[in-house]
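# Examination of the molecular architecture
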Amino acid sequence: MADQHPPVPSDEAHVPGVVARLRRTFEAGATLPRESRRAHLADLRRLLTEGGDELGDALAADLGRHPTESWLVEIAFTVGELDHVARNLRRWTSNRRVPVPATLLPASATVVREPLGVVGVIAPWNYPVQLVLAPLVGALAAGNTVVLKPSEVAPATSRALAGLAARHLDPDVVGIVQGGAGTTTALLEERLDHIFYTGGSRVARIVATAAAQNLTPVTLELGGCSPVWVDPRQDLKAVAGRIAWAKWLNAGQTCVAPNHVLTTPDAAGPLADHLADAVRAMYGADPSASPDYGCLVSEQHHARVAALLDDSVAAGAHLHHGGRRDTAARYLEPTILTGVRPHHRVMSEEIFGPVLPIVEVDSLGSAIDQIRAGEHPLAAYAFTDDDADRRRLVREVRAGGMAFGAPMLQLSTPGLPFGGVGESGTGAYHGEASVRLFSHEKSVFSKPLRPDTLALVRAPYGRRTRGMVRAMFGIGPRR
Ligand code: NAD
């Protein structure tokens with residue numbers, strides 16, 4: 001069982017001072033040179049490699065997670081993202097010439113990627129390292145200064161990050177403020193140049209409203225009920241292994257975890273059996289004794305997920321596997337529900353825990369109708385070898401991202417932007433998308449004074465100007 005750590009200190013009162021310091025650094029141009037960006041990325045890399053085991057211990061305390069799993073999904077993952085960005089830094093931050101229309105020649109046009117200023121990163125508790133530091137990679141690479149607000153709900157990790165930042169990062173370039181809603185509110189009162197928020201949609205609305213007062217642009221990385229379609233012709237044992245890993249990693253508390261499975265009635269039972277086998281293969285007969293299976297982050301969160309489960313069973317869903325729990329240990333067994341109907345409570349919100357409902361539908365078409373009836377999810381998954389079905393899913397399902405045959409790996413491919421759509425978020429990051437996100441693309445046009453080709457568009461307007469309009473746009477006034 002994971003120990004619950006004492007609450008983090010509140011840095012609410014320090015927020016204005018931290019932001020002012022970061023603003024001074026930015027305005028002095030200290031983070032603009034490429035060498036300076038590389039140096040700050042190198043500091044962050046050291047924080048991760050030298051502090052990785054300390055972070056692994058903190059994550060184990062907050063989430064009961066095995067340190068190897070934390071290296072896989074947070075620490076080494078973020079180093080991979082950092083190395084990818086550092087390797088491509090020159091190319092992604094260089095000025096880019098674009099063609100000039102013949103009618104405007106001689107002239108040149110250039111897109112200049114410049115940093116935004118002071119960026120705020122507000123993070124949730126479920127991947128409390130990756131979701132703070134992966135945005136930091138992009139923001140530093142783009143030449144910004146950054147204030148980080150880790151989640152108070154993962155207190156051991158928040159403290160560890162603050163300690164490691166003090167040891168490894170330049171406080172004039174990266175500030176870290178701890179605390180809950182009070183600290184976030186203080187941060188939102190500052191006139192930041194960009195806010196990068198990851199979390200639930202309720203707080204996202206608070207963040208977007210506060211940001212609007214200062215016209216601060218926001219990126220919202222939210223969640224949703226990511227569905228999985230399973231074609232009954234698939235090898236269900238192999239499918240179950242893939243779903244089980246993605247679902248029960250971090251005890252189901254993953255924004256892109258499969259929320260529920262949609263499949264046909266003939267496949268539902270066998271798939272449920274294979275999923276139960278996959279759980280036993282990963283965590284043994286009693287997952288509460290397994291060092292590889294995590295726990296829920298807090299007693300409130302445990303109570304919420306347990307109520308979703310119990311209410312659904314009371315309403316007629318069948319408990320196919322799991323359901324055992326220990327509230328004090330924040331433990332909930334990997335659980336599979338069959339016979340789940342759309343009106344059961346477990347289908348009413350993002351589960352964000354280790355309960356997997358299997359919903360029977362008569363065809364792919366019905367599965368798509370059901371997905372489209374809800375909000376756009378952060379991810380949609382499918383197991384099918386039918387090319388026409390795959391094309392149909394890509395065409396008809398709106399989601400932040402999609403993966404066929406392997407849930408969640410869309411996230412681990414740095415060339416794929418990661419973000420939601422509609423209720424699952426606004427904006428995307430990772431790799432070049434991060435550098436673009438944290439940059440302003442300034443348009444720079446330049447034209448010599450001679451020859452004076454623009455004389456043709458100046459008044460008085462006559463036949464020549466009409467001809468010029470036609471030459472420029474292909475259409476123009478007839479008279
Ligand atoms: P949350 O919205 O409760 O908290 C996120 C952040 O907001 C925290 O730093 C918290 O301190 C702050 N906050 C909380 N209440 C606030 C208030 N009243 N005013 C101002 N700030 C406040 O989110 P959570 O519960 O930590 O995260 C769960 C959600 O995040 C799920 O929906 C999940 O799917 C989503 N999520 C999305 C991604 C992604 O990358 N898209 C990743 C992880 C989690």
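For the structure itself, consult the block above.
Computed from a predicted structure; not experimentally measured. (Residues numbered from 1 in each chain as written. Predicted model: local features only at pLDDT ≥ 70, side-chain atom pairs only at ≥ 80, totals over all residues. Heavy atoms only, no water.)

### So, the packing of aromatic side chains
For the structure shown, the criterion picks out six aromatic pairs. Between tryptophan 125 and phenylalanine 352, the aromatic rings sit 5.3 Å apart at their centres with planes inclined by 70°, giving edge-to-face as the arrangement. With tryptophan 125 in the loop between β3 (118-122) and α5 (130-141) and phenylalanine 352 in the loop between β13 (335-338) and β14 (355-360), this residue pair connects regions lying 227 residues apart in the sequence. Summarising the burial analysis for this pair, tryptophan 125 and phenylalanine 352 share the class buried. For the pair phenylalanine 418 and tyrosine 429, a centre-to-centre distance of 6.1 Å together with 45° between the ring planes defines the contact as tilted. Residue phenylalanine 418 is found in strand β17 (residues 418-419), and its partner tyrosine 429 is found in strand β19 (residues 428-429); the two are separated by 11 residues along the sequence. Judged by relative accessible area, phenylalanine 418 falls into the buried class, the value being 7%. The structure contains a cluster of three or more aromatic residues connected by ring pairs, namely Phe196, Phe418, Tyr429 and Phe438. (Phe/Tyr/Trp six-rings, centres within 6.5 Å; stacked < 30°, edge-to-face > 60°. Helix = DSSP H or I, 4+ residues; strand = E, 2+ residues; numbered from the N terminus. Buried < 20%, exposed > 50% of the residue type's maximum accessible area, 1.4 Å probe, protein only.)

### Here we look at the environment of histidine 14
On the secondary structure map, histidine 14 appears in the segment before α1 (15-27). The partly exposed category is assigned to histidine 14, whose relative accessible area is 49%.

### Observations concerning the pattern of salt bridges
Pairs may arise between side chains of opposite charge once their charged atoms sit close together. Scanning the model with the defined rule gives 22 salt bridges in all. Here glutamate 54 and arginine 167 are joined by a salt bridge, their closest N and O atoms 3.5 Å apart. Taken together, the residues glutamate 54 in helix α2 (residues 34-63) and arginine 167 in helix α6 (residues 155-168) connect sequence positions 113 residues apart. The class of glutamate 54 is partly exposed, set by a relative accessible area of 33%. Taken together, the salt bridges that share partners define one network made up of Asp231, Arg233, Asp386 and Asp389. (Salt bridge = Lys/Arg side-chain N within 4 Å of Asp/Glu carboxyl O.)

### Considerations on the sheet that holds strand β1 (residues 96-98)
Reading across from one edge, β1-β2-β20 is the order of the three strands in this open sheet, with antiparallel pairing throughout. The open sheet has two free edges, formed respectively by β1 and β20 (439-446), since each of these has just one partner strand. Neighbouring strand axes in the sheet, compared pairwise and without regard to direction, differ in orientation by 30° on average. (Pairing = 2+ DSSP bridges. Axes fitted to C-alpha atoms, helices over the stretch in contact; angles between N-to-C directions.)

### Let's talk about helix α11 (residues 299-314)
With 16 residues, α11 ought to run about 22 Å at 1.5 Å a step, and its terminal C-alpha atoms sit 22 Å apart, in line with that. Three or more residues of α11 are buried, namely His301, His302, Val305, Ala306, Leu308, Leu309 and Ser312. Here the buried residues of α11 occupy an arc of 150° about the axis, which is enough to place them on one side. For α11, exposure combined with an orientation more than 90 degrees from the buried face picks out Gln300 and Ala314. Looking at the buried positions of α11, the neighbouring elements they touch are β10 (318-321), β11 (325-326), β12 (331-332), β13 and β14. (Expected span 1.5 Å × (residues − 1). Arc of directions from axis to C-beta. Contact = heavy atoms within 4.5 Å.)

### Describing the sheet that holds strand β16 (residues 401-404)
Judged by pairing direction, the sheet is mixed, and its seven strands sit side by side in the order β10-β13-β14-β9-β8-β15-β16 without closing on themselves. Each having just a single partner strand, β10 and β16 make up the two edges of the open sheet. Averaged over all adjacent pairs, the angle separating strand axes in this sheet is 25°, with direction ignored. Judged from the four bridges that link them, strand β8 (residues 227-230) and strand β9 (residues 260-263) form a sheet pairing that is parallel. Note on β9: the bridge partner recorded for proline 227 is histidine 260. Those strands touched by α11 are β10, β13 and β14, and its axis lies near 30° from that of β13.

### Quick word on the packing of α2 against α5
Between α2 and α5, whose axes approach to 9 Å, the crossing angle comes to 165°. By the angle between their axes, α2 is roughly antiparallel relative to α5. Once α2 is placed against α5, the crossing between them reads as left-handed. Along its contact with α2, which presents Arg37, His40, Leu41, Leu44, Leu47 and Leu48, the element α5 presents Leu133, Leu136, Val137, Leu140 and Ala141. Here the contact of α2 with α5 is composed, by residue class, of nine nonpolar, one polar and one charged. (Parallel < 35°, antiparallel > 145°, perpendicular 65-115°, else oblique. Left-handed = near helix turned anticlockwise from the far one by under 90°. Nonpolar A, V, L, I, M, F, W, Y, C, P; charged D, E, K, R; others polar.)

### Thoughts on α1
Look at α1: 18 Å from first C-alpha to last across 13 residues, which is about the 18 Å you get at 1.5 Å a residue. Three or more residues of α1 are buried, namely Val15, Val18, Val19, Leu22, Thr25 and Phe26. Viewed along the axis of α1, the buried residues span an arc of 120°, placing them on a single side of the element. For α1, exposure combined with an orientation more than 90 degrees from the buried face picks out Arg24 and Glu27. The secondary structure elements touched by the buried residues of α1 are β2 (108-115), β3, β4 (145-149), β5 (174-176) and α7 (181-189). A positive backbone phi angle near 80° is found at glycine 29, which sits one or two residues after α1.

### A closer look at the environment of glycine 365
Relative to the elements of secondary structure, glycine 365 occurs in helix α12 (residues 364-373). Its relative accessible area of 18% is what places glycine 365 among the buried residues. With 357 residues separating them in the primary sequence, glycine 365 and valine 8 have C-alpha atoms 49 Å apart.

Keep in mind that these numbers describe shape and distance, not what the molecule does.
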